[in-house]
Amino acid sequence: MADEKVQTKLLDELEKGPWPSFVTELKRGAKTSPVCNGLLGQLELSYEEKISHWKHGGIVGVMGYGGGVIGRYSDVPDKFPDVAHFHTLRVNQPSGWFYTSNALRTICDIWDKHGSGVTNMHGSTGDIILLGTTTDELEPTFAELTKNGFDLGGSGSDVRTPSCCVGQARCEWACYDTMKMCNDITHEFQDELHRPAFPYKFKFKFSGCANDCVCAKARSDLSIIGTWKDDIQQDDAEVANYAAKGLDIQADVCDHCPTKCMKWDGKKLAINNRECVHCMHCINVMPKALRPGKERGATLLMGAKAPIVQGALLSSVLVPFVPAEELMDTIKELVDRVWDFWCDNGKNRERVGELIQRVGMGNFLDAIGLDAVPEMVSAPRDNPFVFMEIDGDK
Amino acid sequence: MAEQPVKRVTDIGPPNFDQFLHPIIKKNYGQWKFHESMAPGVYFHEAESGDRIYTVRAGSPRLLSTETIRKFADLAEKYCGGYLRFTSRNNVEFLLDNPDNIEPLKKDLHDYGYPVGGTNNSISNIVHTQGWVHCHSSATDASGIVKSVMDALYDRFTHEDLPAKLRIALACCLNMCGAVHCSDIAILGVHRTPPRIQHDSLHKVCEIPNLVASCPTGAIRPAETADGKKTVEVIEEQCMFCANCFSVCPAMQLNDPVNDGISIWVGGKVSDARSQPRFSKLAIPFIPNDPPRWPGVVDAVVNIVDVYAKNAKKYERMGEWIDRIGWPRFFQLTGIEFTKYHIDDFRFAGTTFARSAQVRL
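These notes cover the structure that comes with them. (Residues numbered from 1 in each chain as written. Chains lettered and ligands numbered in written order. Predicted model: local features only at pLDDT ≥ 70, side-chain atom pairs only at ≥ 80, totals over all residues. Heavy atoms only, no water.)

What follows concerns the packing of aromatic side chains. Here the structure, examined in full by the defined rule, presents 30 aromatic pairs over all chains. Between Phe198(A) and Trp339(A) the ring centres are 4.9 Å apart and the planes differ by 45°, which places this aromatic pair in the tilted class. In this pair, Phe198(A) sits in the loop between helix 7 (190-194) and strand 7 (204-207) while Trp339(A) sits in helix 12 (residues 327-345), placing the two residues 141 residues apart along the sequence. Residue classification places Trp339(A) among the buried positions, given a relative accessible area of 7%. Plain terms: the ring middles of Phe202(A) and Phe204(A) are 5.3 Å apart, the flat faces sit at 70° to each other, and that makes the pair edge-to-face. Since its relative accessible area comes to 0%, Phe202(A) is described here as buried. Every member of this aromatic cluster is reached through a ring pair, and the members are Phe189(A), Phe198(A), Phe202(A), Phe204(A), Phe206(A), Trp339(A) and Trp342(A). Positioned above the aromatic ring of Phe98(A) is the side chain of Arg85(B), whose terminal nitrogen or guanidinium carbon lies 5.3 Å from the ring centre. (Phe/Tyr/Trp six-rings, centres within 6.5 Å; stacked < 30°, edge-to-face > 60°. Helix = DSSP H or I, 4+ residues; strand = E, 2+ residues; numbered from the N terminus. Buried < 20%, exposed > 50% of the residue type's maximum accessible area, 1.4 Å probe, protein only. Lys NZ or Arg CZ within 6 Å of the ring centre and 35° of its normal.)

What follows is the structure, encoded as structure tokens:
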């Protein structure tokens, strides 16, 4: 059974206050798990010394997979032998993070038996994170997970676990079926997800509209953002209702429109839909009166990433509109071409967005066989250093 | 006779979400008409069929014991047939078909210490990374700062009284597992010293060409120790403490209890509503690590939130408010000192210079 309960004078301060406490959660775990007790001890030491006590990486995993397990070892194993190994499993979440109580209990049972009993619901990329177990327990945990219908997510230079917003399961704004698309893409690319073969990570994120609840535009190499092509669906009676209830349609709706494509004369809202950029503000403010149009699909943007190595990037437009019914085939064909070029030309730890910066968008488009379109830029270039193909010999 | 080995199952992918959907969701999938807020953290969606699904959202510390997850399972069974989900910001959402169960569920969550809120113009849960709980390269803890900040902003989670939504995120180093770089307020752990090279072990644990190539500024070059061991040297004035070298080589230690700490960034957004997505900009270059409650970080964040809440107009996100008033006024109103560190000197630095005589005076 567990070593003597560790003292946590500093961490105890984090049980005070109204927000739920992770220290309380660790102590709940420590009632039965010596791993949690050891974790509390080591964390208290970090709080005393203001430094992490985890060692760098370590390659561990389950047989046949190159990702899904994050190896971690304590740098003070003599003091806290229960966390000498503290490996983490990333378990691929169901689309939209939907569960039944039974499914959650299954995961809890497996993790109480094989690991620390503490989790993250969920990790930053979207996986269920099972925090802390030993090398010997990895394979048995994996066997029980797969027996119960769960599989590991991605880590390292592979397809990372895709994630999506709640989509059409519970949102009237979802312009395509994000949940199904995320599920189907994840199943399509199991090999790429479990066996790292890329220059670096590749993330898919699926948002049903431009509100982008999974931060796809900031966080994914391929950002699939739902949108529509025809007119905003407008219910004039409901617009009038909002006005009657005190909404200042001029100030709260029209004045915030980025292209000023709306006019309100006190009775009727007129939208110039050809100038609409589908930003969602007016729809967000009046969800009963305005809805996305009926001709729905998605804009595909590429290249977002955090600062390491060459600086942070936001995704930029690659395909302005793909009809919903063509999305699956288009995405598959697109990533096939992008991955080919990236794998041939990408440097170690170079994300697709950085590769595009390095080789130039024009060359990248040539390589993946896409034509340049003006929707891809905020403006054409303003410098005259253009490398043109010329007629005849140079 | 020896036991037959069990066939190993791999590459089955995630379980299909369909089996986890509430019957009302399954029935009305793709047929939702509108939604309406009922209270902070509580809203309903109505389908074309007239069916309604009610959602109750509670904040969580993200790091959850199985005991608490089982508690959520109990509550889901008691009030909503066992159906629940989690959000992209680590809240838990209970999905109910009977509105009479909303208040009893809220009471049970409150009694268990889990607050209901995080919707509309509130501060939702803080997305964050692992910190000292699990990470080797963290310049600060994650969960402890989040807990301290959310204690101070608790009422901003349970009320919807801000001009617009406000998203806070924390990453404990520049790797940004939490990708905090487009948040209204980003709390970011930073290293400030070059790597300490462990010359005795480097040649045993690292590939030197990979290590040299990993440096974005070319500050690392191959070298030899006095006794002939292969190693590297760092041109320290070129190092920007990004820790990419540490990610590829454990013998390049960066963690430093004195010089590691926290920076604060403001005004980013991801949504396209009104204005386009944008990065967060530097507000405070450095606050020392001060566990267990990080008062310097808590005060800084609360101050920025309060000044924003008082001065921004309805629907203005942090960055949109600053667009209107200008950065000089932001620094003046918040009382944050503007220094040379706020002026970019990395790639494309000039794009952030004020290249116009349009100055608010």
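From this point, the narrative continues.
Counting across every chain of the model gives 46 salt bridges over all chains. In this structure, the salt-bridge partner of Glu93(B) is Arg57(B), at a minimum N-O distance of 2.8 Å. Residue Glu93(B) is found in strand 6 (residues 92-96), and its partner Arg57(B) is found in strand 3 (residues 52-58); the two are separated by 36 residues along the sequence. In this structure, a network of salt bridges that share partners links the residues Glu25(A), Arg28(A), Lys31(A) and Glu67(B). (Salt bridge = Lys/Arg side-chain N within 4 Å of Asp/Glu carboxyl O.)

Attention shifts here to the environment of Arg62(B). Tracing the sequence through the fold places Arg62(B) in the loop between strand 3 and strand 4 (63-65). Judged by its relative accessible area of 3%, Arg62(B) falls in the buried class. In this structure the C-alpha to C-alpha distance between Arg62(B) and Val127(B), which are 65 residues apart in sequence, comes to 8.7 Å. In contact with Arg62(B), other than residues within four places in its own chain, are Thr119(A), Asn120(A), Met121(A), His122(A), Gly123(A), Ser124(A), Asn90(B), His128(B), Thr129(B) and Gln130(B). A polar side-chain atom of Arg62(B) sits 3.3 Å from the main-chain carbonyl oxygen of His122(A). (Contact = heavy atoms within 4.5 Å. Polar contact = N/O pair within 3.5 Å; in protein donor to acceptor, adjacent residues only side chain to side chain.)

Residues and elements named next belong to chain A. On the surface, a cluster of negative charge is contributed by Glu295, Glu325, Glu326 and Asp329. Here Asp329 is to be found in helix 12. Here Asp329 falls in the exposed class, since its relative accessible area comes to 55%. (Patch = residues over 30% accessible without salt bridge, like charges linked within 9 Å, V, L, I, M, F, W, Y side chains within 5 Å. Areas by Shrake-Rupley, 256 points an atom, 1.4 Å probe, with all protein chains shown as cover. Lys, Arg positive; Asp, Glu negative; His and termini not counted. Charge placed at Lys NZ, Arg CZ, Asp CG, Glu CD.)

The next point concerns unusual backbone geometry. Across residues other than glycine, the phi torsion is negative in most instances, and most of the peptide bonds are trans. Across the junction of Met121(A) and His122(A), the peptide omega takes the value 5°, indicating a cis bond. Within the secondary structure layout, His122(A) lies in the loop between strand 4 (118-121) and strand 5 (128-133). Across the junction of Pro291(B) and Pro292(B), the peptide omega takes the value 10°, indicating a cis bond. Backbone geometry at Arg62(B) places phi at a positive 70°, although glycine is not the residue there. Even without being glycine, Tyr315(B) reaches a positive phi, approximately 75°. Mapped onto the fold, Tyr315(B) is located in the loop between helix 9 (295-311) and helix 10 (318-325). Residue class for Tyr315(B) comes out buried when judged on its relative accessible area of 16%.

With 118 residues of chain A in contact, the opposing surface of chain B contributes 113 residues. Together chain A and chain B conceal approximately 10,100 Å² of surface at their shared face, both sides included; 59% is due to carbon and sulfur atoms. For the pair chain A and chain B, the number of links is 13 salt bridges. For Asp272(B), the salt bridge identified is with Lys217(A), shortest N-O distance 2.6 Å. One can count 74 residue pairs in polar contact (both at pLDDT 80 or more) joining chain A with chain B. (Buried area = accessible area lost by both parts, 1.4 Å probe.)

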